[in-house]
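Descriptive analysis of the structure
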Amino acid sequence: MRIVVTGGAGFIGSHLCRELLDRGDAVVAIDNLLTGRIENIEELFGNPGFSFIRQDVSNYVHVSGDVDAVLHFASPASPADFERIPIQILKVGSLGTYHMLGLAKDKGARFFLASTSEVYGDPQVHPQTESYWGHVNPIGPRGVYDEAKRFAEAMTMAYHRVHALDVRIVRIFNTYGERMRPDDGRAVSNFVVQAITGRPITVFGDGSQTRSFCYVADEVRGLLALLDSDYVGPMNIGNPLQFTIRQLAEMAIEVAGSPSEITFEPLPVDDPSQRQPDITLARTVLGWEPVVPLREGLERTTDYFRRVLGAEGS
């Protein structure tokens, strides 16, 4: 297959590009490098099946030749980005999705939307099933991401119904691992980098809020299983084991062997109190579930950040 991956230089997108190439697919990665990093895909440039286009998919995109699938992963996705670049997030979720749906329609390709657990907002149903409609503040700081993805899902299904476009929708829960940005503002990267450098671990609120953390290799395996399936979605792909944010902070300190102490800051506006996927659908339809325990994934992530921080400091 020849597959277009938007956000291909990003955290999850770069892992997807590698896996697709490893299984024999050709990949066209598109990224404007707003939050993606060329270092994430440097080693792929020597692969004859790989090509890269630097472009913002919020603008019209042309890809020559046949395309079998369009995987739309372009979007800043970290809480720090919600306040820093909110308009870009809204544009890539709306205009970017529109352009990529148009590309898929023009090429007769399958369209795969990377949606998010953020469509559930601060959920009043726990754990979250795909049938839950969510509890989102549309005008809050997080709303720029939440509503961009909800709109993207609606547009994807409209193209599916009106144009009979072959689509897949995945709702990704908190994912972590190698090639995260050290300064991206997510809990795992924040805690690991703070622990490595011996700085205080900053926990927002009292740390009792819960999240479910999926290691990136598990996540990508689930994404590709959905891509190859006949199931339209939406489908939750995430780790159903939940941890409190304080537990994550304590584990990051232990794994890094760090002297860091935990400090507490006010909770951000609309920060969800709990987030946990029900993955019954993924287990039933795909036979998928995560296998990497959080501690093992944190050890791998910590090793990665040690290398990155060492290289930046040298």
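Reading guide: rules and limits
- Residues numbered from 1 in each chain as written.
- Predicted model: local features only at pLDDT ≥ 70, side-chain atom pairs only at ≥ 80, totals over all residues.
- Heavy atoms only, no water.
- Core = buried A, V, L, I, M, F, W, Y, C linked by side-chain atoms within 4.5 Å.
- Buried < 20%, exposed > 50% of the residue type's maximum accessible area, 1.4 Å probe, protein only.
- Helix = DSSP H or I, 4+ residues; strand = E, 2+ residues; numbered from the N terminus.
- Contact = heavy atoms within 4.5 Å.
- Axes fitted to C-alpha atoms, helices over the stretch in contact; angles between N-to-C directions.
- Left-handed = near helix turned anticlockwise from the far one by under 90°.
- Nonpolar A, V, L, I, M, F, W, Y, C, P; charged D, E, K, R; others polar.
- Expected span 1.5 Å × (residues − 1).
- Pairing = 2+ DSSP bridges.
- Salt bridge = Lys/Arg side-chain N within 4 Å of Asp/Glu carboxyl O.
- Phe/Tyr/Trp six-rings, centres within 6.5 Å; stacked < 30°, edge-to-face > 60°.

1. Remarks on the nonpolar core
- Core analysis: the largest hydrophobic core is formed by 59 residues, its most contacted members being L71 and F73.
- For this core, the element with the most residues is helix α7 (residues 245-256), which contributes 8 residues.
- Dropping the residues within four chain positions of it, F73 is found in contact with T6, G7, I12, L16, F112, A114, I172 and L223.
- Counting 25 residues, the second largest nonpolar core, distinct from the first, contains V70, V92, F111 and M157.

2. Examining the packing of helix α5 (residues 187-197) against α7
- Contact pair α5 / α7: the axes reach a minimum separation of 9 Å and the direction vectors enclose 35 degrees. Remark: the crossing between α5 and α7 carries right-handed chirality. For the pair α5 and α7, the contacting residues are A187, V188, F191, V192, A195 and I196 in the first and I245, L248, A249, A252, I253 and A256 in the second.
- Tallied by class, the residues present in the contact of α5 with α7 amount to 12 nonpolar, no polar and no charged.

3. Quick word on α7
- Between its terminal C-alpha atoms α7 stretches 17 Å, which fits the 16 Å expected from 12 residues at 1.5 Å a residue.
- Listing the buried residues of α7 in full gives I245, L248, A249, M251, A252, I253, V255 and A256.

4. Observations regarding the packing of helix α1 (residues 11-22) against helix α6 (residues 216-228)
- Look at α1 against α6: their axes get within 10 Å of each other, and the N-to-C directions meet at 65 degrees. Classified by chirality, the crossing of α6 by α1 is right-handed. Contacts between α1 and α6 pair F11, I12, H15, L16, E19 and L20 from the former with V216, V220, L223 and L224 from the latter.
- For the contact of α1 with α6, the per-class residue count stands at 8 nonpolar, 1 polar and 1 charged.

5. Quick word on the environment of Q274
- Checked against the element boundaries, Q274 lands in the loop between β13 (262-265) and α8 (280-286).
- You can call Q274 partly exposed: its relative accessible area is 24%.
- Between the C-alpha atom of Q274 and that of Q242, which follows or precedes it by 32 residues, the distance is 8.6 Å.
- The contact partners of Q274, leaving out residues within four places of it in the chain, are D122, P123, H126, T210 and R211.

6. Overview of the sheet that holds strand β3 (residues 50-54)
- Spatially, β3-β2-β1-β4-β5-β6-β11 is the arrangement adopted by the 7 strands of the open sheet, whose pairing is parallel. Every interior strand has two partners, whereas the edge strands, β3 and β11 (235-237), have only one. Going from strand to strand, the sheet's axes swing by 20 degrees on average, the running direction of each strand aside.
- Of the pairings in the sheet, the one linking strand β1 (residues 2-6) to strand β2 (residues 26-31) comprises 5 bridges and is parallel in character. Among the inter-strand pairings, R2 is bridged to a residue of β2, identified as A26.
- Each of β1, β4 (69-72) and β5 (110-116) touches helix α3 (residues 86-107); the most contacted strand, β4, lies at about 175 degrees to it.

7. Looking at the pattern of salt bridges
- A full pass over the atoms with the stated rule returns 20 salt bridges.
- A salt bridge links E153 to R171; the shortest N-O distance between them is 2.8 Å. Remark: R171 occurs in strand β6 (residues 167-172) and E153 occurs in helix α4 (residues 143-163); sequence separation between them is 18 residues. Taken individually, E153 and R171 each receive the classification buried, so the pair is uniform in this respect.
- Measuring nitrogen to oxygen at the nearest pair gives 2.3 Å for the salt bridge that ties E296 to R300. Within this pair, E296 and its partner R300 are both found in helix α9 (residues 294-313), separated by 4 residues, close to a single helical turn.

8. Observations regarding the packing of aromatic side chains
- Applying the stated criterion across every chain, the model contains 8 aromatic pairs.
- Plain terms: the ring middles of F45 and F50 are 5.5 Å apart, the flat faces sit at 85 degrees to each other, and that makes the pair edge-to-face.
- You can call F45 partly exposed: its relative accessible area is 42%.
- Of the residues examined, F50 reaches a relative accessible area of 8% and is grouped as buried.
- Here the aromatic rings of F82 and Y145 are separated by 5.2 Å at their centres, their planes lie at 20 degrees, and the arrangement is stacked. Remark: Y145 occurs in helix α4 and F82 occurs in helix α2 (residues 79-84); sequence separation between them is 63 residues.
- Here Y145 falls in the buried class, since its relative accessible area comes to 8%.
- Counting every residue linked through ring pairs, the aromatic cluster contains F45, F50 and F52.

Keep in mind that these numbers describe shape and distance, not what the molecule does.
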